[in-house]
Amino acid sequence: MTDTAPARPARPRRLPLTWVGLAPFAIFALLFLILPTMNIVIGAFQTRDGSFTLQNLRDLGTGTIPSSYWISVKISLASSLLGCLIGFGMAAAVTFGAVPRFIRGPLMTFSGVASNFAGVPLAFAFLATFGPVGLITLFLKNNFGIVLQRDLGFSILSFWGLTVTYLFFQIPLMILIITPALEGLKKEWREAASVLGATSLQYWRMVALPILFPSLLGTFALLFANAFGAVATAIALTGSALNIVPIQLFAQIRGDVLGNPNLGYALAFGMIVVTGIANVLYIWLRIRAERWLK
């Protein structure tokens, strides 16, 4: 007879402790991202009594709502385009040595902080600088007799005022995203172009920019979504002086008798669709760009 070892009892499977560290993030994302988004999407198709309706979406084409979307799109396009141009120039200057290398560290650190600096603090900073009694406003008026709104047509509560404010976080975000792409340009490509007789301008026009184009276009899409979804800064800076989607959204859900929360949900749903398309475009273009830079 052969002895058989007794079967060991199966150990219950345990969740690896490494996953425990993700629990706070998962709970946070569920409570403040996933559930609110689902509530917005569902509320956009409901009446006040909870029944299904498409009227909220139809109402997006009434009143000043279409013009608010159009102004928000224009502000997002303007701030994204200027942010891409200025941020690309700054990132290229640091990456390719046009400025001292010791500036790179502070610039990247500042970009990491400034790209997330928005809301009430940012609005207050620009009001204190370009507002009616701001530092720059009073300096130009007292020393040069220049009134920004009268002589230059600039007001912090206007289209260009909000666009300039958005640049404070758009430019740093562009620097953070495009710098790795610039660093991915191989020296061999530039050397090969030089050996073949190409000038620096020809290298950028025919080699570097075509390779960077998916990254540039994807970053532009991300900056557009970033500006289009900025709510706190716009409300804190302009209040009701500028007809943009975040202001319309705040007016509908703040709890006034004349407000319509479900129309506010529809407005927010429209913002989710626009920013979602921009983010999907960014991810797709980034994947295409990484094929070249590997």
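Above this text is the structure in question.
Residues numbered from 1 in each chain as written. Predicted model: local features only at pLDDT ≥ 70, side-chain atom pairs only at ≥ 80, totals over all residues. Heavy atoms only, no water.

Let us look at empty space enclosed by the protein. Under the definition given, this model contains one cavity of 30 Å³ or more. Counted as a void, the largest cavity has a volume near 50 Å³. Looking at the largest cavity, the residues that line it are Ser72, Ile75, Ser76, Leu162, Tyr166, Ala227, Phe228, Ala230, Ile244 and Pro246. No other element matches the three residues that helix H3 (residues 65-95) contributes to the lining of the largest cavity. Here the lining of the largest cavity is built from residues that sort into eight nonpolar, two polar and no charged. (1 Å grid on protein atoms, 1.4 Å probe; cavity = no way out; pocket = protein on both sides within 12 Å on 5 of 7 lines; lining within 4 Å. Points joined across faces, edges and corners; volume = space filled by probe spheres on them. Helix = DSSP H or I, 4+ residues; strand = E, 2+ residues; numbered from the N terminus. Nonpolar A, V, L, I, M, F, W, Y, C, P; charged D, E, K, R; others polar.)

What follows deals with the packing of aromatic side chains. Under the criterion given, the structure shown has 16 aromatic pairs. Seen from their ring centres, phenylalanine 28 and phenylalanine 32 are 4.9 Å apart, and the 40° between their planes marks the pair as tilted. Taken as a pair, phenylalanine 28 and phenylalanine 32 lie in helix H1 (residues 23-43) at a separation of four residues, close to a single helical turn. Of the residues examined, phenylalanine 32 reaches a relative accessible area of 57% and is grouped as exposed. Centre to centre, the rings of phenylalanine 224 and phenylalanine 228 are 5.9 Å apart; their planes meet at 20°, and the pair counts as stacked. Residue phenylalanine 224 and its partner phenylalanine 228 are both found in helix H10 (residues 200-228); the two are separated by four residues, about one turn of the helix. (Phe/Tyr/Trp six-rings, centres within 6.5 Å; stacked < 30°, edge-to-face > 60°. Buried < 20%, exposed > 50% of the residue type's maximum accessible area, 1.4 Å probe, protein only.)

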